[in-house]
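Below, each chain spelled out in residue letters.
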Amino acid sequence: MSELNLILLGPPGAGKGTQAQRLIDDFRLPYVATGEMLRTAVREGTPLGHEAAKYMNNGDLVPDEVIIGVTVERLQQGDTADGFILDGFPRTVDQAKALDAELQRVGRTLTAALLIDTPDEEVVRRISGRRQCVKNEQHVYHVEFDPPKHEGVCDQDGARLVQRDDDKPDTVRHRLDVYHDQTEPVIGYYDDRGVLRRFDGTRSPTEVHDHIRATLATLRLEESL
Ligand code: AMP
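What counts, and where the lines are drawn
Residues numbered from 1 in each chain as written. Predicted model: local features only at pLDDT ≥ 70, side-chain atom pairs only at ≥ 80, totals over all residues. Heavy atoms only, no water. Salt bridge = Lys/Arg side-chain N within 4 Å of Asp/Glu carboxyl O. Buried < 20%, exposed > 50% of the residue type's maximum accessible area, 1.4 Å probe, protein only. Phe/Tyr/Trp six-rings, centres within 6.5 Å; stacked < 30°, edge-to-face > 60°. Lys NZ or Arg CZ within 6 Å of the ring centre and 35° of its normal. Helix = DSSP H or I, 4+ residues; strand = E, 2+ residues; numbered from the N terminus. Near = heavy atom within 4 Å. Polar contact = N/O pair within 3.5 Å; in protein donor to acceptor, adjacent residues only side chain to side chain. Areas by Shrake-Rupley, 256 points an atom, 1.4 Å probe, with all protein chains shown as cover. Nonpolar A, V, L, I, M, F, W, Y, C, P; charged D, E, K, R; others polar. pLDDT = per-residue confidence, 0-100. Pairing = 2+ DSSP bridges.

**Considerations on the pattern of salt bridges**
- Applying the stated criterion to the full structure yields 17 salt bridges.
- Linking Arg164 and Asp166 is a salt bridge whose minimum nitrogen-to-oxygen distance equals 2.9 Å.
- Asp166 gets classed as buried once you look at its relative accessible area, which sits at 12%.
- Look at the salt bridges and you will find they share partners, linking Arg130, Arg164, Asp166, Asp167 and Arg175 into a network.

So this is what it looks like as structure tokens:
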């Protein structure tokens, strides 16, 4: 089987994390989520965390020179030999170029950049209701669409559910501006290289997942011909 090197693109709240979880279940690939890596660094109080927190709290991007090194280093670990699912990176064209350079250096190519297209008003609606577990931030709920059995408590481990600071409405709107200004050009970058695949993020998670799976199956079939 060939490698599956995947990028998930889309605005905050598009459902990238949800789709990543399903793709991990399907393909057993390592999940490299830069936002999660940075939040861990902030919690642990590392130098990276101190630097990143200054930007993250306002919903701004961490500078390229800070994020590129740690992401490339993560991709160099042995568990990515069969592929990876990258979520939250690249967020600028310079990050995309740095990723290309690294993949080229090690003789690998990107399988696809999966864009989960979602309009701004839907993003705001989704993010404002999002709650995550204090113990494991991959345990995510929504007060309206996917509530836990007991309000404010994680179904999976009984820990408290909280709203991320940067999920507060003003910060969400700023993150959307940042997305349109700095990350949208990345879509064109991958489109020009023929690896962009678009999905309708207003559909249910299961529909989006089915569509992604069908697309990946087609890509693999084409590759094997
Ligand atoms: P996320 O969980 O992907 O929404 O990321 C949360 C925050 O981490 C973002 O708002 C940025 O401040 C920072 N961040 C995550 N990934 C990147 C990246 N590739 N480039 C710059 N900043 C990032």
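**Describing the packing of aromatic side chains**
- Tallied over the entire structure, the rule returns one aromatic pair.
- Ring plane angle 85° and centroid distance 5.2 Å describe the contact between Tyr189 and Tyr190, whose orientation is recorded as edge-to-face.
- You can call Tyr189 buried: its relative accessible area is 9%.
- Over the face of the ring belonging to Tyr189 we find Arg193, whose NZ or CZ atom lies 3.6 Å from the ring centre.

**So, the environment of Thr18**
- Turning to its location among the elements, Thr18 is positioned in helix α1 (residues 16-27).
- Between the C-alpha atoms of Thr18 and Gly107, which are 89 residues apart in sequence, the distance is 30 Å.

**As for the environment of Pro169**
- Within the secondary structure, Pro169 sits in helix α7 (residues 169-192).
- Along the chain, Pro169 and Pro30 lie 139 residues apart, while their C-alpha atoms are 31 Å from each other.

**What to know about the site of the ligand**
- The environment of the ligand is made up of 16 residues, and the closest members are Thr34, Arg39, Asp60, Gly88 and Gln95.
- Within the backbone of Gly88, one N or O atom sits 2.8 Å away from a nitrogen atom of the ligand.
- Protein chains bury 95% of the 480 Å² of accessible surface belonging to the ligand in isolation.
- Considering each element in turn, the shell around the ligand owes the most residues, four residues, to helix α2 (residues 34-44).
- Among the residues making up the shell around the ligand, the classes are represented as six nonpolar, four polar and six charged.

**Some words on the confidence of the model for the protein**
- Mean pLDDT for the protein: 94, with 100% of residues reaching 70 or above.
- Per-element averaging of pLDDT across the protein places helix α6 (residues 120-128) at the bottom with 91 and strand β8 (residues 196-200) at the top with 98.

**Focus on the pairing of strand β3 (residues 83-87)**
- Burial runs high along β3: five of the five residues are buried.
- Burial along β3 is two-sided: Gly83, Ile85 and Asp87 facing one way and Phe84 and Leu86 facing the other are all buried.
- Where strand β1 (residues 4-9) lies against β3, five bridges are found, and the strand directions are parallel. Bridge assignment links Leu8 to a residue of β3, and that residue is Asp87.
- As paired elements, strand β2 (residues 31-33) and β3 share three bridges and run parallel to each other. Across the sheet, residue Tyr31 finds its bridge partner in β3, namely Ile85.

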